[in-house]
Amino acid sequence: MATDVLTGSDDPGRTAPAPTPRRTRRRGGIRSAEATAGWIFVVPVVVILGLFMLLPILMALWVSLTDWNGQGSPFTGKVPLVGLDNYTDLFTRDGLARQNFMTSIRNNLYYVAIVVPAQTVLALFLALVVNNRMLRGRSFFRTAFYFPSVTSSVAISVVFLFIFANSGAVNRLLELFGIDGPQWFADSRGVLHILFGAVGVDTPPASLTGDGPFGLPWWEWLSGPSVAMCSIIILVVWTTSGTFMLMFLAALQNVPESLEEAGRLDGATRWQRLRYLTLPSIRPTLFLVLALGVIGSWQVFDQIYVMSQGDPAKTTLTPAYLSYRTAFRDFEYGSGAAISFVLFLIIIVLTLGQRWLLRERDSGRRIRRPRRRGRETGRRS
Amino acid sequence: MAVLTEPGPGAVGRSPSPEGRRRPRRNRGPGALATSFAGYAVLVFFALVFLYPFVIQLGNAFKTEPDAAANPLSPVPSVLDLSSVQRIFEGTDFPLWLGNSTLVTVVVTIGRVFFASLAGYALARLRFSGRRPVFAVVVAMMAVPPVVLLIPKFLVLNQLGLYNSYAALIVPLLVDATGVFVMKQFFESIPVSVEESARIDGAGTFRTFWSVVLPMARPALITVTIMSFQGSWNELPHSLVAVQDPALFTLPRGLADLVSGSLGKGNQYPLKLGAALLATIPVAIIFVVFQRYFVRGANEGADKG
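Procedures and definitions
- Residues numbered from 1 in each chain as written.
- Chains lettered and ligands numbered in written order.
- Predicted model: local features only at pLDDT ≥ 70, side-chain atom pairs only at ≥ 80, totals over all residues.
- Heavy atoms only, no water.
- UniProt positions renumbered as here; feature names shortened; annotations may be inferred.
- Helix = DSSP H or I, 4+ residues; strand = E, 2+ residues; numbered from the N terminus.
- Buried < 20%, exposed > 50% of the residue type's maximum accessible area, 1.4 Å probe, protein only.
- Contact = heavy atoms within 4.5 Å.
- Areas by Shrake-Rupley, 256 points an atom, 1.4 Å probe, with all protein chains shown as cover.
- Axes fitted to C-alpha atoms, helices over the stretch in contact; angles between N-to-C directions.
- Parallel < 35°, antiparallel > 145°, perpendicular 65-115°, else oblique.
- Nonpolar A, V, L, I, M, F, W, Y, C, P; charged D, E, K, R; others polar.
- Buried area = accessible area lost by both parts, 1.4 Å probe.
- Polar contact = N/O pair within 3.5 Å; in protein donor to acceptor, adjacent residues only side chain to side chain.
- Core = buried A, V, L, I, M, F, W, Y, C linked by side-chain atoms within 4.5 Å.
- Phe/Tyr/Trp six-rings, centres within 6.5 Å; stacked < 30°, edge-to-face > 60°.
- Lys NZ or Arg CZ within 6 Å of the ring centre and 35° of its normal.
- Patch = residues over 30% accessible without salt bridge, like charges linked within 9 Å, V, L, I, M, F, W, Y side chains within 5 Å.
- Salt bridge = Lys/Arg side-chain N within 4 Å of Asp/Glu carboxyl O.
- Expected span 1.5 Å × (residues − 1).

- Going by what an unreviewed UniProt entry lists, chain B is known as Multiple sugar transport system permease protein and is assigned to Plantactinospora soyae.
- Its UniProt record gives chain B a comment under Sequence similarities (unreviewed entry), which states: "Belongs to the binding-protein-dependent transport system permease family."
- UniProt, in its Subcellular location (unreviewed entry) section for chain B, records the words "Cell membrane".

- Chain A is annotated in an unreviewed UniProt entry as Multiple sugar transport system permease protein of Plantactinospora soyae.
- In its Subcellular location (unreviewed entry) section, the UniProt record describing chain A reads: "Cell membrane".
- In UniProt, chain A has this text filed under Sequence similarities (unreviewed entry): "Belongs to the binding-protein-dependent transport system permease family."

### Here we look at the overall build of chain B
- Each helix and strand counted, chain B has 16 helices and zero strands in total.
- Of all 305 residues assigned to chain B, the portion counted as buried reaches 50%.
- By sequence separation, contacts in chain B at least 24 residues apart represent 70% of the contacts at least 6 residues apart.
- Surface summary for chain B: the accessible area is close to 13200 Å², and the carbon and sulfur share equals 66%.

### So, the packing of helix H12 (residues 218-234) of chain B against helix H15 (residues 269-289) of chain B
Residues and elements named next belong to chain B.
- H15 packs onto H12 with a crossing angle of 170 degrees between their chain directions and a minimal axis gap of 11 Å. One element, H12, and the other, H15, form an angle in the roughly antiparallel class. Contacts from Ile226, Phe229, Gln230, Trp233 and Asn234 of H12 reach H15 at Ala279, Pro282, Val283 and Ile286.
- Among the residues forming the contact of H12 with H15, the class breakdown is seven nonpolar, two polar and no charged.

### Some points on the UniProt feature "transmembrane region" (unreviewed entry) in chain B
Residue and element names in this part refer to chain B.
- Residues annotated in UniProt with the feature "transmembrane region" (unreviewed entry) correspond here to residues 31-55, 103-123, 135-154, 166-187, 208-229 and 273-295.
- A distance of 26 Å separates the end C-alpha atoms of residues 135-154, which is 65% helix and 0% strand.
- A helix fraction of 73% and a strand fraction of 0% characterise residues 166-187, whose end C-alpha atoms lie 32 Å from each other.

### Some points on the interface of chain A and chain B
- Contact residues are listed per partner, giving 110 residues for chain A and 108 residues for chain B.
- Summing both partners gives a buried area of about 10000 Å² for chain A against chain B, and 73% of it is carried by carbon and sulfur.
- Of all residues in chain A, the largest losses of buried area upon contact with chain B belong to Phe41, Phe52 and Phe162 of chain A, amounting jointly to 9% of the total for that side.
- Along the contact surface separating chain A from chain B lie eight residue pairs in polar contact (both at pLDDT 80 or more).
- The residue inventory of the side of chain A that touches chain B, partitioned by class, reads 72 nonpolar, 19 polar and 19 charged.

### A closer look at the nonpolar core
- Judged by nonpolar contacts, the single largest core of 190 residues is most densely connected at Phe145 of chain A together with Phe187 of chain B.
- In terms of residue count, the dominant contributor to this core is helix H11 (residues 227-252) of chain A (16 residues).
- With residues up to four places along the chain from it excluded, the contact list for Phe145 of chain A reads Leu126, Val130, Gly242 and Met245 of chain A together with Leu43, Phe46, Ala47 and Phe50 of chain B.

### Overview of the UniProt feature "transmembrane region" (unreviewed entry) in chain A
Residue and element names in this part refer to chain A.
- In the numbering used here, UniProt assigns the "transmembrane region" (unreviewed entry) feature to residues 35-63, 109-131, 143-165, 226-252, 282-301 and 337-358.
- Secondary structure over residues 143-165 splits into 83% helix and 0% strand, and the C-alpha atoms at its two ends are 28 Å apart.
- Span residues 226-252 is 96% helix and 0% strand, its end C-alpha atoms 36 Å apart.

### Some thoughts on the packing of aromatic side chains
- All told, the structure shown has 46 aromatic pairs over all chains when counted by the stated rule.
- Over the ring of Tyr269 of chain B we find Lys272 of chain B, and its NZ or CZ is 5.1 Å from the ring centre.

### Concerning a nonpolar patch on the surface
All names here are of chain B.
- Residues Leu103, Val106, Val107, Ile110 and Tyr166 make up a contiguous nonpolar surface patch of roughly 410 Å² in combined accessible area.
- Of all the elements, helix H5 (residues 94-125) adds the most residues to the nonpolar patch, at four residues.
- Here Tyr166 shows up in helix H8 (residues 166-170).
- You can call Tyr166 partly exposed: its relative accessible area is 35%.

### Describing helix H14 (residues 283-297) of chain A
Residues and elements named next belong to chain A.
- With 15 residues, H14 should reach 21 Å at 1.5 Å per residue; the first-to-last C-alpha distance of 21 Å fits that figure.
- Counting buried residues in H14 gives 12 out of 15 residues, a clear majority hidden from the surface.
- Taken as a whole, H14 has its buried residues at Pro284, Thr285, Leu286, Phe287, Val289, Ala291, Leu292, Gly293, Val294, Ile295, Gly296 and Ser297.

### Quick word on the side chain of Arg106 of chain A
- By the element assignment, Arg106 of chain A lies in helix H4 (residues 96-131).
- With sequence-adjacent residues up to four places away left out, Arg106 of chain A is seen in contact with Leu216, Glu220, Trp221, Ser223 and Thr315 of chain A.

Below you can see the structure in the form of structure tokens.
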């Protein structure tokens, strides 16, 4: 970096080489004017990012070690310092805090386990269909599938509240098939519990009533997402698959057509071509979509806030919503901040995992790179 | 009509002029026809799944409450009823939310576009010590999940004495790392020679940036504008922690409040759907007009939840 500034050798043809001594790189000459301008240009970004992203993280880290209740400033001596108590409350100490937190973790685990595969498969499927060169009106359909992704999550949630209402559209549709739909947002039963019930296991077997990991009984860990959560899952899959479809589409359009042709000539079935030709060629995108999906799924907030606020029976509580609720409704800012840091950690680990995985795949990639011509080439309607 | 006169369902996929030249790809016999028919069936089914909720929303916003409760699936009101629309404007704070949202969105969008292009340009072209660390920070910030910043942002706004003000709604959103990244990538694709001739003509750094390079960056500017517009118009969590005063509510906040708060859980669906519809319209218009820029934004590695 410093050498760049000193010599400027990478910018040929620059005017006025300014034969002044190189030491004085801070004053005089085009280089230093450029350096000043550079800093002036990035100052707003640096200040705002620093002030509203970096600094807050440090402040919150501090608050998570205190018992601040929102009165006055958390940075005076009057606020009781509790050390790691807020964290141990979440993991090791028996109590409501841990119970809520573990319930939210369970809910979110089920949520991720369903949303991510569902949205990925649906997005890939839609992309494959829309990418079919024989079909007309592809751009219309692409637009239709993507439209929910750009609209307000709050507005969409309002619509889905109506659609999933007790006498709403979904239950009317189910009625047509002779199914008596549930009261979606009031039903706290876990779907796995319902399934167990269907095979005659209504009450937990004795082995599962005992405490499971982190104080939550095994039977509770094994509940599956609640019916209420399922409606939110449906909403989210519906909203997000459009975005991911576009990402798949961009990747698919970079796959050379000749590859598909060759596969066809060799007599590969449709499924084989997908499995052995298409999927390997879009593997980086596949990983990216999976990773973004997992990362996004741990942050679900808007829909929960609008549709259920964690109800019924805490089955739609997620860590993101729980941290908000703990801080801004129960005024336990320390505990809320601790929850967001644990969530932060989860997401950072996932992000690093994704980077690492992508790096592995990129270096281990096999042939068929040469045909790629940058990401932009495939864009067409 | 035209479809009915065609020989069979599979023919829908054919080119509109039946005896026109056939491209070889279109002519693979019954298998291909069946495939393209299945393709259309799938597309139409999913188009319905993805669009029908909006149809339901539109239809039910203009129904009476009993009608909406009795026929939620029907897209057409049995009696066109505009009373809920009227109540949106007279019985709720909707006009206020609309005003706040417009103000926030306009200022945030202008700010983001301006700051993102300044910083993007500096990071792409200007040599200054600290450029690399700054860029590293920007990239790192792209990975910070917004949801975990809720309490932290509240703390800073509180400490700075900005809590519960327009500044709290606007300033933290003025800069977003993704926009900076997009602009930087774009500026790097503009040939250096353009700036050099401007320099030779005696333009300063800002002048070169403002009158020469920025106009060339139009596509990227539109992308960032649209991402910012859409993002700030739809933003809920930030407004939850930035303000408390109902006079400062933005549309998403007001809408959320309407659903969960003041009107209670019970019904009033035509009203709520209508308000949600009105909140969707601006983004919908922008989306239809600038569709391909949305597409570009999505492929920039967007971080949608």
